[in-house]
Amino acid sequence: ALVFPVTPNQEIVFVRQYRHATGEILLELPAGSFNPEFESAKTAAQRELEEETGYVTEEMIPLATLYDNPIKDTNKIYLFFAKDVHPSGKQQMDIMEDIEVVLIPVAQVKEKIAQGDIQVSGTLAAIFLGLNLLSR
């Protein structure tokens, strides 16, 4: 479950964290895995948003469900738009996580993509779908 969280001040809440497979620190949207037998994608998205960023929302809108990498697995990414997120003060990272919360104004996010600062495919999909929803 992956979340495109937007504050009332029109800032997108990102996380910056080390990703072992790439050996890099990447800027991405809050996300995490879940077991659909035990929780819904929406509940997982709400949980991951708060755990990773300390932000919460009352409004979580489904954006899309996408295949992550259909060449080698059946994993799906459930994308959500979180409107008017606000800090709860309850960031609770997993023991192995070291996450920096980064707020980027909506008006600057496309520039960050063009500069190569945002490179994760699921994050990019959610950004463009989320920006489309914001522009309506």
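Details of the structure are given in the entry above.
All values derive from a computational prediction rather than experimental measurement. (Residues numbered from 1 in each chain as written. Predicted model: local features only at pLDDT ≥ 70, side-chain atom pairs only at ≥ 80, totals over all residues. Heavy atoms only, no water.)

1. Re the packing of aromatic side chains
Here's step 1: Taken as a whole and judged by the stated rule, the model has two aromatic pairs.
Here's step 2: With centroids separated by 5.6 Å and ring planes inclined at 65°, the aromatic side chains of Phe34 and Tyr78 adopt a geometry described as edge-to-face. Note that Phe34 is positioned in the loop between β3 (24-28) and α1 (41-53) and Tyr78 in strand β6 (residues 76-83), a separation of 44 residues in sequence. (Phe/Tyr/Trp six-rings, centres within 6.5 Å; stacked < 30°, edge-to-face > 60°. Helix = DSSP H or I, 4+ residues; strand = E, 2+ residues; numbered from the N terminus.)

2. A closer look at the nonpolar core
Here's step 1: In terms of nonpolar packing, the biggest core is built from 18 residues, with Phe4, Ile12, Phe14, Leu29, Val109, Ile118 and Ile127 touching the most fellow members.
Here's step 2: Secondary-structure elements contributing two or more residues to this core are β1 (2-5), β2 (11-19), β6, β8 (100-105), α2 (109-114) and α3 (121-134).
Here's step 3: The residues touching Phe4, leaving out its near neighbours within four places in the chain, are Ile12, Leu29, Leu63, Phe80, Phe81, Ala82, Ala126, Ile127, Gly130, Leu131 and Leu134. (Core = buried A, V, L, I, M, F, W, Y, C linked by side-chain atoms within 4.5 Å. Buried < 20%, exposed > 50% of the residue type's maximum accessible area, 1.4 Å probe, protein only. Contact = heavy atoms within 4.5 Å.)

3. Observations regarding the environment of Ile113
Here's step 1: Structurally, the position occupied by Ile113 is in helix α2.
Here's step 2: When the C-alpha atoms of Ile113 and Leu124 are compared, they prove to be 8.1 Å apart, with eleven residues separating the residues in sequence.
Here's step 3: Not counting residues up to four positions away in its chain, the partners in contact with Ile113 are Ile118, Leu124, Ile127 and Phe128.

4. As for unusual backbone geometry
Here's step 1: Residue Gln10 is not a glycine yet carries a positive backbone phi of 60°.
Here's step 2: Here Gln10 is to be found in the loop between β1 and β2.
Here's step 3: Gln10 gets classed as partly exposed once you look at its relative accessible area, which sits at 39%.
Here's step 4: Of note in the backbone geometry, Asp84 takes a positive phi value of approximately 55° without being a glycine.
Here's step 5: On the secondary structure map, Asp84 appears in the loop between β6 and β7 (86-87).
Here's step 6: With relative accessibility at 38%, the residue Asp84 sits in the partly exposed group.

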